[in-house]
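# Coordinate analysis (summary)
In case you want the letters, here they are:
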Amino acid sequence: MPTRPAIQEGGPTRWPAQTPLGAVATTLGIAALYVMAARVGQTVAPPLGNVTPVYLVSGVMFALALLWGPRIGPGVFLGALAGNAWAGFTLDSTSGALRALAAGTSNGLGDTLAAVGMALLYEHLCGHRERF
């Protein structure tokens with residue numbers, strides 16, 4: 001009878017950034033990936049709205065949080081801020097621009113808590129036995 005491979009214990013895989021400049025580049029890369037995935041998800045949104053039934057970015061950010069841990073948080077936040085501010089930003093009035101920035105900020109906090117929080121909860125409950 002074949003034996004199962006040993007379960008690898010430990011935390012997330014190695015963070016790709018080895019230097020401070022690399023950490024900034026990785027964070028900006030995560031933010032850019034977030035914005036691109038959000039734009040793809042918004043293509044299936046019904047008219048007159050920014051809400052979509054398929055939000056690809058949630059799964060992508062959750063997978064990255066499982067791989068790299070909570071360090072992806074700043075990238076998720078910046079991507080959500082940029083993506084949501086871009087979707088609703090207008091220069092017609094100051095209040096419109098502020099509303100778009102407020103919506104982007106609150107969505108950024110929520111998306112960061114969702115991706116990182118779920119990865120930490122998964123890690124706690126499952127012990128990294130089978131990530132994917």
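Here, residues in each chain are numbered from 1, in the same order as that chain's written sequence. Given that the model is predicted, a residue must reach a pLDDT of at least 70 before its local features are reported, and side-chain atom pairs must reach 80 or more before they are shown or counted; all residues, however, enter totals for whole chains, interfaces and linings. Hydrogen atoms and water are omitted, and side-chain values are computed over all heavy atoms in the structure.

### With respect to the nonpolar core
Side-chain atoms within 4.5 Å are what join buried Ala, Val, Leu, Ile, Met, Phe, Trp, Tyr and Cys residues into a set we call a nonpolar core. Three labels apply to residues, based on accessible area from a 1.4 Å probe with only protein chains included: buried if under 20% of the type maximum, exposed if over 50%, partly exposed otherwise in between. Ranked by size, the top nonpolar core spans 18 residues in total, and within it Ile 30, Tyr 34, Met 61 and Ile 72 carry the most contacts. Each helix corresponds to a stretch of at least 4 residues labelled H or I by DSSP, and each strand to a stretch of at least 2 residues labelled E; elements are numbered beginning at the N terminus. Mapped by element, the contributors of at least two residues to this core are helix H1 (20-42), helix H2 (56-68), helix H3 (73-88) and helix H4 (94-126). With six residues, H2 is the single largest residue contributor to this core. The residues contacting Ile 30, other than those within four sequence positions of it, are Trp 15, Met 61, Leu 64, Trp 68, Ile 72, Gly 75 and Val 76. When checking whether two residues touch, look at their non-hydrogen atoms; a contact exists if any pair is within 4.5 Å.

### Describing the confidence of the model for the protein
Confidence of the predictor at the level of single residues is given by pLDDT, which spans 0 to 100. With 80% of its residues at a pLDDT of 70 or more, the protein has an overall mean of 81. Counting contacts from residues 4-8, a segment whose pLDDT is below 50, to residues more than four positions away or on other chains yields three contacts.

### Observations concerning the side chain of Thr 112
Relative to the elements of secondary structure, Thr 112 occurs in helix H4. Apart from residues lying up to four places away in sequence, Thr 112 is in contact with Gly 73, Val 76, Phe 77 and Gly 117.

### Here we look at the packing of aromatic side chains
Centres within 6.5 Å make a pair out of two Phe, Tyr or Trp rings, where for Trp the six-membered ring is used; the pair is then stacked when the planes are under 30 degrees apart, edge-to-face when over 60, and tilted otherwise. Under the definition given, this model contains one aromatic pair. Ring geometry for Phe 62 and Tyr 122: centres 6.4 Å apart, planes at 90°, overall edge-to-face. Residue Phe 62 is found in helix H2, and its partner Tyr 122 is found in helix H4; the two are separated by 60 residues along the sequence. The class for Phe 62 is partly exposed, based on a relative accessible area of 27%. Here Tyr 122 falls in the partly exposed class, since its relative accessible area comes to 21%.

### A short note on H1
A rise of 1.5 Å per residue sets the reference length of H1, with its 23 residues, at 33 Å; its end C-alpha atoms lie 33 Å apart and thus fit the reference within 8%. Regarding H1, the residues found buried are Gly 22, Thr 26, Thr 27, Ile 30, Ala 31, Tyr 34, Val 35, Ala 37, Ala 38, Gly 41 and Gln 42. Multiplying one less than the number of residues by 1.5 Å gives the expected span of a helix.

### Observations concerning the environment of Gly 110
When you line up the elements, Gly 110 lands in helix H4. Separated by 34 residues in the primary sequence, Gly 110 and Val 76 have C-alpha atoms spaced 9.9 Å apart.

### What about H2?
Here H2 is 13 residues long and its end C-alpha atoms lie 19 Å apart, about the 18 Å a rise of 1.5 Å per residue gives. Taken together, the buried positions of H2 are occupied by Val 57, Met 61, Leu 64, Ala 65, Leu 66 and Trp 68.

### Re the packing of H1 against H2
Lines fitted to C-alpha atoms define the axes here, with helix axes fitted over just the stretch in contact, and angles between the N-to-C directions of these axes take values from 0 to 180 degrees. At a closest axis distance of 8 Å, the pairing of H1 and H2 adopts a crossing angle of 155°. Taken together, the axes of H1 and H2 are roughly antiparallel relative to one another. Seen from H1, the contacting residues are Thr 26, Ile 30, Leu 33, Tyr 34, Ala 37, Ala 38 and Val 40; seen from H2, they are Leu 56, Val 57, Val 60, Met 61, Leu 64 and Trp 68. Under this grouping Gly is polar, as are all residues other than the nonpolar Ala, Val, Leu, Ile, Met, Phe, Trp, Tyr, Cys and Pro and the charged Asp, Glu, Lys and Arg. In terms of residue class, the contact of H1 with H2 is made up of 12 nonpolar, one polar and no charged. Orientation labels follow simple angle bins: below 35 degrees gives roughly parallel, above 145 gives roughly antiparallel, 65 to 115 gives roughly perpendicular, and whatever is left gives oblique.

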